[in-house]
Amino acid sequence: MPKILKPARMEKCTGCGLCELLASRLTKGKLSYSGSFLQIRKVSSGKPHFKAVIDYGQKTDYPEIRDICPENCYDIE
Amino acid sequence: MMVAPTFLQLNLTSRTFEVKSYQELIPLVGGLGWALALYEQFFEEDPIVLAGGPLSAVFPGASKTVAVFRSPQTGFLATSFAGGNLARFLRAAGYQGLVILGRSSSSTMVTVDEDKIEFAEANRFLGLNTPKVFEAIASSAGVPGRQSVLATGPAAEQGIGYSPLYVDEFFSFPRHGLGRAFALKNLKVLTVAGEKSEEIKDERRYREVFESLYRKLQGHRELAQLGTLRNLAVEKKISAVPTNNLAESSLLGEELLAPSFAEETAARRISCGGCPVGCIHLLKGDQRFTFYDYESVAALGPLLGIFEPGKVAVLLEKAWGLGFDPVCLGTVLAYLTEAEKLNFGNEETYLTLTDALFAGREPWARDFRESVPVYPKSLGIAGLGFLPYFNGYASLLSQVLLLGETTEENRGFLLDLDLLEREIDPAELVRQLVEAQYSKTLTESLVGCGYLASVFEDPATAFAALQALGAEFSHDHLQETARNTFRQKLILQHRTGFRPADVKIPEKFFRIPSPQGVLEKEKFERMVQVYEEEYFFEEKLQPER
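Residues numbered from 1 in each chain as written. Chains lettered and ligands numbered in written order. Predicted model: local features only at pLDDT ≥ 70, side-chain atom pairs only at ≥ 80, totals over all residues. Heavy atoms only, no water.

Trainee: Help me out: how do you make sense of the interface of chain A and chain B in this one?
Mentor: By a widely used convention, the size of an interface equals the accessible area lost when the partners come together. Contacts between chain A and chain B engage 31 residues on the former and 37 residues on the latter. A per-residue breakdown of the area chain A buries against chain B is headed by A:Arg25, A:Leu31 and A:Pro48, which together make up 24% of the total. Where chain A touches chain B, the interface holds 6 salt bridges. Among the salt bridges present, the one from A:Glu20 reaches B:Arg88, with a minimum N-O distance of 3.4 Å. Linking chain A to chain B there are 18 residue pairs in polar contact (both at pLDDT 80 or more). Of all elements in the fold, only α1 (18–28), β2 (30–31), β3 (38–42) and α2 (63–68) of chain A reach the threshold of two or more residues within the side of chain A that touches chain B. Here the side of chain A that touches chain B is built from residues that sort into 12 nonpolar, 10 polar and 9 charged. For β2(A) and strand β13 (residues 198–199) of chain B, the ladder comprises 2 bridges, and the chain directions are antiparallel. Following the sheet pairing, A:Lys30 is matched in β13(B) by B:Glu199. (Contact = heavy atoms within 4.5 Å. Buried area = accessible area lost by both parts, 1.4 Å probe. Salt bridge = Lys/Arg side-chain N within 4 Å of Asp/Glu carboxyl O. Polar contact = N/O pair within 3.5 Å; in protein donor to acceptor, adjacent residues only side chain to side chain. Helix = DSSP H or I, 4+ residues; strand = E, 2+ residues; numbered from the N terminus. Nonpolar A, V, L, I, M, F, W, Y, C, P; charged D, E, K, R; others polar. Pairing = 2+ DSSP bridges.)

This is the structure in structure tokens:
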């Protein structure tokens, strides 16, 4: 089974987006918060809750992305 | 070589836009330097300039956007800083900032999606309370979290001068009434989206600086866990918490201190875009989440004689819902309590007074609409609210000189802590305060977060980060530019009519003991005089040849 980046504790996410920034750098070699396999979105207006939208059609098991999260939201499994 | 900063110029009168790149702005580094230069260029057109910086959104902690405009509250040049995701989306849309000119004939919403700019009617958002405005935008435009949203609250529409501009729901440009400045242009909502990417000039260097900054920011765990409300413990310890309209400066009890406040209000944290610290704290009220920090809690808490988190939370929700700046609102309510001989500590009274202020039906309420009064019992300074730190000369002087109207910008209260139990020489204090402005101005040009000043005020950090992005500025250039940018700010303050010696200083400052003892009026006035003569004198503000 290939390993994947799993957003296991998104209730702790503060929405900083550093995971998106790093994902773009690692996969595209560019500075961007979009255009990679990972996007952070607000769950809904009025609430400080976020979700990770991940395209699992490509490699996602980057330990650097797991480790950059200041709130430890990700696992690789 | 750094790329010329590109600004989107919006003309609300003609509902047109123009994209301009400014080669001449490159040497000014970014942020405040760029914004002041463009403010001056368009001075006669009463512009609002919003700018990010060269590090914005691509290095951790460089998350702020600076606004430069004429304050509806004071009439003078204003600078204000907001977090959220505006800096990130401006960059992703392909702009370093916006220049907003003209005035729309009716309430307008502008949507910016890279090079697609649309002007639309915004009447459907009028009259809604602030969170409802954001809800309505989320359900009608863009993807939540994939754009930055700026909106005014209803107080701005009602003519309240001290109404901030809100950003991404839980952030704002505080003080000086940028929300009201938007309303005066009939600009209700502005959204910015984009998905542009940038090449990395020097991958290895970028990674090194990124990781170094990230490690440094991880040292700010206390700021993350407690937010700026952590300052209340220090202020309590030195008896510098203004209470009951500064009838005293000691805080009794510990209920409002950050840990108990967070526990009582079920707080949670969020981050600005690209910042791993996450120091923005939100309380969970009956109906919604509302942000809080030191200055809003101190102004709507102890300054009004309220010491229970739940009651402060109700007032914070009220202020946000109607669109009042909490520090200015707290200053007005504290004044009214004393002047009208009401009882401090009654939040029901304050809710009623806030509604009356908002409605503006009675003559007294109309007197308080444009700015915070400077009457004898009021703590208002130059039309602004009192930043609730009663630490001593430097923190108050920063406010009087319009150098530090927010916790983020005021370098005086830390200087005051250094000066405790020391003989204070007016000229030396002014010199130290101005020196602190130079390093602060570097941060404000990079638009690094002011709460992370120890990181971004280090010229070596700035130099390395800029170099990684291909911007080759020398240390000397950065230092010199910071000094020139600060002077440019003073020139524009002067041009908009600000004169430090004209600011009426609240008499209470000289009656109540501060941690530096009872402040001497003559000494304080001497500081203002030294500042005017040494730094603000018209001839000294001429550009250097």
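There is more to say after this.
Trainee: When you look at the layout of surface pockets in this model, what are you seeing that I'm missing?
Mentor: Empty space left among the atoms is revealed by rolling a probe the size of a water molecule over them. Residues and elements named next belong to chain B. A volume near 640 Å³ is recorded for the largest pocket. Taken together, 30 residues make up the lining of the largest pocket; nearest its centre are Arg411, Leu414, Gly450, Ala453 and Ser454. For the lining of the largest pocket, the secondary structure elements donating two or more residues are α8 (231–237), α16 (412–418), α17 (426–446), α18 (453–456) and α20 (475–495). Element by element, the count of residues in the lining of the largest pocket is highest for α17, at 5 residues. (1 Å grid on protein atoms, 1.4 Å probe; cavity = no way out; pocket = protein on both sides within 12 Å on 5 of 7 lines; lining within 4 Å. Points joined across faces, edges and corners; volume = space filled by probe spheres on them.)

Trainee: Teacher, can you tell me more about the pattern of salt bridges here?
Mentor: Pairing between side chains of opposite charge can happen when the charged atoms of each approach one another. One pass over the structure, following the stated rule, counts 33 salt bridges over all chains. Here A:Glu77 ties to A:Lys6 by a salt bridge, and the two come within 3.1 Å at their closest N and O atoms. Of this pair, A:Glu77 sits in the segment after β5 (74–76) while A:Lys6 is found in strand β1 (residues 5–7), placing the two residues 71 residues apart along the sequence. The exposure class of A:Glu77 is partly exposed, given its relative accessible area of 48%. Linking B:Glu118 and B:Lys116 is a salt bridge whose minimum nitrogen-to-oxygen distance equals 3.9 Å. Assessed through its relative accessible area of 42%, B:Glu118 is described here as partly exposed. Three or more residues joined by partner-sharing salt bridges are found here, namely A:Glu20, B:Arg88 and B:Arg146. (Buried < 20%, exposed > 50% of the residue type's maximum accessible area, 1.4 Å probe, protein only.)

Trainee: Where do I start with the packing of α17(B) against α20(B) in this structure?
Mentor: Helix packing for two helices is described by the angle between their axes and how far apart those axes are. Residue and element names in this part refer to chain B. At a closest axis distance of 8 Å, the pairing of α17 and α20 adopts a crossing angle of 105°. Of the possible angle classes, the one that applies to α17 and α20 is roughly perpendicular. Note on element contacts: α20 touches α17 through Leu478, Ala482, Arg483, Thr485 and Phe486, opposite Val434, Glu435, Gln437, Tyr438, Thr441, Leu442 and Ser445. In the contact of α17 with α20, the residues fall into 6 nonpolar, 4 polar and 2 charged. (Axes fitted to C-alpha atoms, helices over the stretch in contact; angles between N-to-C directions. Parallel < 35°, antiparallel > 145°, perpendicular 65-115°, else oblique.)

Trainee: Where do I start with the sheet that holds strand β6 (residues 97–101) of chain B in this structure?
Mentor: Sheet strands line up and pair through hydrogen bonds in the backbone, either parallel or antiparallel. All names here are of chain B. Taken together, the 6 strands give an open sheet; going across it, the order is β2-β1-β6-β3-β4-β5, and neighbouring strands pair in mixed fashion. The open sheet has two edge strands, β2 (16–21) and β5 (77–82), and neither has a second partner. Across the sheet, the mean angle separating the axes of adjacent strands is 15° when strand polarity is ignored. Sheet topology note: the strand β3 (residues 48–51)/β6 ladder contains 4 bridges and is antiparallel. If you follow Leu50 over to β6, its bridge partner there is Leu98.

Trainee: I tried to follow the packing of helix α12 (residues 326–339) of chain B against helix α13 (residues 347–359) of chain B on my own but got confused; where do I start?
Mentor: Residues and elements named next belong to chain B. Between α12 and α13, the least distance of the axes is 11 Å, while the angle of their chain directions is 110°. Taken as axis vectors, α12 and α13 run roughly perpendicular relative to one another. Of the two possible hands of crossing, α12 and α13 adopt the one that is right-handed. Two secondary-structure elements touch here, α12 through Leu329, Val332, Leu333, Leu336 and Thr337 and α13 through Tyr350, Leu353, Thr354 and Leu357. Here the residues of the contact of α12 with α13 sort into 7 nonpolar, 2 polar and no charged. (Left-handed = near helix turned anticlockwise from the far one by under 90°.)

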